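# Structure at a glance
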Amino acid sequence: MSGPLRQKMPIPLVIAHRGASGYLPEHSLACKAMAHASGAAFLEQDVVASRDGHCVVLHDIHIDRVTDVASVFPDRARDDGRFYARDFDLHELKQLRLNERVDASGNPVFADRYPAGPTEFRIPTLDEELRLVRGLNHSTGRVVGIYPEVKKPAWHHSEGIDLAQATLEVLAAHGYRDTPEQVYLQCFDLKENIRIREEFDPIYPMVQLIADDSWGESETRYADLLAPDGLVGLKGIVAGIGPWLNQLYTVSNGKLLATPLVEQAHALNLAVHPYTIRADALPPGFGSFRELHASLVSQNVDGVFSDFADQSVETFIDIVADA
């Protein structure tokens, strides 16, 4: 099953990457509420599991760079020095305060975003976030979809939990099986996407995320997916691909050129949702936020992940209006 393969939209779908993460600590409920009001079509949820089996919304299986866990539970790090969501029950995770993401040295990854240090924001469960989204959809009359990612499923299997099944159960409990057009289900792990398709046959369109091989997201060689034959192998498994933004461009003789990835995917009726647009971190070769968006429009991408969904929506509208 491949679902609704291509979006017939005047502008690409804008997916709020971890919420309005250009303005508030990522994945906090406040961040998602702001993203809902930003004009985004979908809100992203990265899903990991707690020790007692709850689906919580965090970008990483680690929590030491987005919370004050090292201060609250200083003796709970693993041998590698990192703190893992999987090692804490939900009531313990709820004691932690979220903060703007920091690097390994404790410095803000994006210095000009929300001020550093602990906040009053807490780690949400997937259930809590979906209740927020459904509530805002009701109160505003504007239906915003969800875009959950099954995060590091192989690692979760090694920890004794089927994260894909747990995620699908939460979606079903919130009635999304009745509105599958409001969901995209994404994962970096091709093996897991195949398993989800074969074992659960979800009615939601699925997206194969594509990372750079050097990132080590899983054992799948993502460079292979960029070849035409690799994309052909995704037919019948997923409805689209989510490539790293840099994979859409190359530099030749000093000129920025589009790669054939979008054209190849569209030839197979696969949607293309690249990640991540950041107003404060443009990819190499682009001089402005508008220039990047204009290039994405010219490539006919179907959707984009953006840390600044409000700015992306406004910029796409301006570009289309000027065309």
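Our subject is the structure that appears above.
Presented here is an overview of the structure given in this document. (Residues numbered from 1 in each chain as written. Predicted model: local features only at pLDDT ≥ 70, side-chain atom pairs only at ≥ 80, totals over all residues. Heavy atoms only, no water.)

Looking now at the packing of helix α1 (residues 29-36) against helix α4 (residues 126-140). Two numbers describe a pair of packed helices, the interaxial angle and the distance between the axes. At a minimum axis distance of 11 Å, the contact between α1 and α4 shows a crossing angle of 30°. In this view, α1 runs roughly parallel relative to α4, as classed from their interaxial angle. By crossing handedness, the relation of α1 to α4 is classed as right-handed. Here Leu 29, Lys 32, Ala 33 and His 36 of α1 lie close against α4, whose contacting residues are Glu 129, Leu 132, Val 133, Leu 136, Asn 137 and Thr 140. For the contact of α1 with α4, a count of residues per class yields 5 nonpolar, 3 polar and 2 charged. (Axes fitted to C-alpha atoms, helices over the stretch in contact; angles between N-to-C directions. Helix = DSSP H or I, 4+ residues; strand = E, 2+ residues; numbered from the N terminus. Parallel < 35°, antiparallel > 145°, perpendicular 65-115°, else oblique. Left-handed = near helix turned anticlockwise from the far one by under 90°. Contact = heavy atoms within 4.5 Å. Nonpolar A, V, L, I, M, F, W, Y, C, P; charged D, E, K, R; others polar.)

Another aspect to go through is the pairing of strand β7 (residues 240-243). Of the two faces of β7, the one holding Gly 240 and Gly 242 and the one holding Ile 241 and Pro 243 are both buried throughout. The pairing of strand β6 (residues 206-210) with β7 spans 4 bridges and is parallel. Paired with Val 207 across the strands is Gly 240, a residue of β7. (Buried < 20%, exposed > 50% of the residue type's maximum accessible area, 1.4 Å probe, protein only. Pairing = 2+ DSSP bridges.)

Unoccupied space between atoms shows up once a probe the size of one water molecule is rolled over them. By the definition in use, this model includes 1 cavity of 30 Å³ or more. The space that makes up the largest cavity amounts to roughly 30 Å³. Along the walls of the largest cavity sit Glu 26, His 27, Leu 58, His 59, Asp 60, Val 66, Leu 98 and Arg 101, which together make up its complete lining. When its residues are assigned to classes, the lining of the largest cavity shows 3 nonpolar, 2 polar and 3 charged. (1 Å grid on protein atoms, 1.4 Å probe; cavity = no way out; pocket = protein on both sides within 12 Å on 5 of 7 lines; lining within 4 Å. Points joined across faces, edges and corners; volume = space filled by probe spheres on them.)

Before going further, it helps to spend a moment on the nonpolar core. Ranked by size, the top nonpolar core spans 60 residues in total, and within it Leu 171, Tyr 176, Leu 234, Ile 241 and Leu 296 carry the most contacts. Beyond its immediate chain neighbours, meaning those up to four positions away, Leu 296 contacts Leu 245, Leu 248, Tyr 249, Pro 274, Ile 277, Val 301 and Val 304. (Core = buried A, V, L, I, M, F, W, Y, C linked by side-chain atoms within 4.5 Å.)

So, on to the packing of aromatic side chains. Following the criterion strictly, the structure yields 10 aromatic pairs and no others. Between the aromatic rings of Phe 73 and Phe 88, the centroid separation amounts to 5.4 Å while the plane-to-plane angle is 55°, which identifies the pairing as tilted. Taken together, the positions of Phe 73 in the loop between α2 (69-72) and α3 (90-93) and Phe 88 in the loop between α2 and α3 put the pair 15 residues apart, joining distant regions of the chain. A residue is classified by how much of its surface remains accessible, and Phe 73, at 13% relative accessible area, is buried. Overall, Phe 88 belongs to the buried group, its relative accessible area being 0%. Taken together, a centroid distance of 6.1 Å and an interplanar angle of 90° make the contact between Phe 188 and Tyr 275 edge-to-face. Residue Phe 188 is located in the loop between β5 (185-187) and α7 (190-200), and its partner Tyr 275 is located in the loop between β10 (271-272) and α11 (289-298); the two are separated by 87 residues in the primary sequence. The burial state of Phe 188 is the same as that of Tyr 275; both residues are buried. (Phe/Tyr/Trp six-rings, centres within 6.5 Å; stacked < 30°, edge-to-face > 60°.)

With that out of the way, let us pick up the layout of surface pockets. In this structure, the largest pocket occupies an estimated 480 Å³ of space. Lining the largest pocket are 21 residues, and of these Arg 18, Glu 26, His 59, Asp 60 and Arg 101 lie nearest its centre. Considering only residue class, the lining of the largest pocket consists of 4 nonpolar, 4 polar and 13 charged. What the second largest pocket holds in volume is close to 350 Å³. Lining the second largest pocket are 22 residues, with His 17, Arg 18, Tyr 275, Thr 276 and Arg 278 sitting closest to its centre. Counted by class, the lining of the second largest pocket contains 10 nonpolar, 5 polar and 7 charged residues.

This brings us to α1. Three or more residues of α1 are buried, namely Cys 31, Lys 32, Ala 35 and His 36. Across the axial projection of α1, the buried residues extend over an arc of 135°, all falling on one side. (Arc of directions from axis to C-beta.)

This next bit is on unusual backbone geometry. The omega torsion of the bond from Tyr 275 to Thr 276 falls at -10°, within 30 degrees of zero and hence cis. Looking at the secondary structure, you find Thr 276 in the loop between β10 and α11. Located in the positive-phi region is Asn 269, a residue other than glycine, with phi close to 60°. Turning to its location among the elements, Asn 269 is positioned in the loop between α10 (261-267) and β10. The partly exposed category is assigned to Asn 269, whose relative accessible area is 33%.

Moving on, we get to the pairing of strand β4 (residues 145-150). Of all 6 residues in β4, 6 are buried; the element is thus mostly enclosed. Of the two faces of β4, both are covered, the one formed by Gly 145, Tyr 147 and Glu 149 as well as the one formed by Ile 146, Pro 148 and Val 150. Where strand β2 (residues 42-49) lies against β4, 6 bridges are found, and the strand directions are parallel. Note on β4: the bridge partner recorded for Gln 45 is Pro 148.

To continue, consider the pattern of salt bridges. Taken as a whole, this structure holds 26 salt bridges when the rule is applied. Across the salt bridge formed by Asp 87 and Arg 78, the nearest N and O atoms sit 2.8 Å from each other. Residue class for Asp 87 comes out buried when judged on its relative accessible area of 17%. For Arg 78, a relative accessible area of 26% translates into the label partly exposed. Ionic pairing is found between Arg 97 and Glu 120, a salt bridge with its closest N-O pair at 3.6 Å. You can see Arg 97 sitting in the loop between α3 and α4 and its partner Glu 120 sitting in the loop between α3 and α4, a full 23 residues away along the chain. Via salt bridges that share partners, Arg 18, Glu 26, Asp 60 and Arg 101 belong to a single interconnected network. (Salt bridge = Lys/Arg side-chain N within 4 Å of Asp/Glu carboxyl O.)

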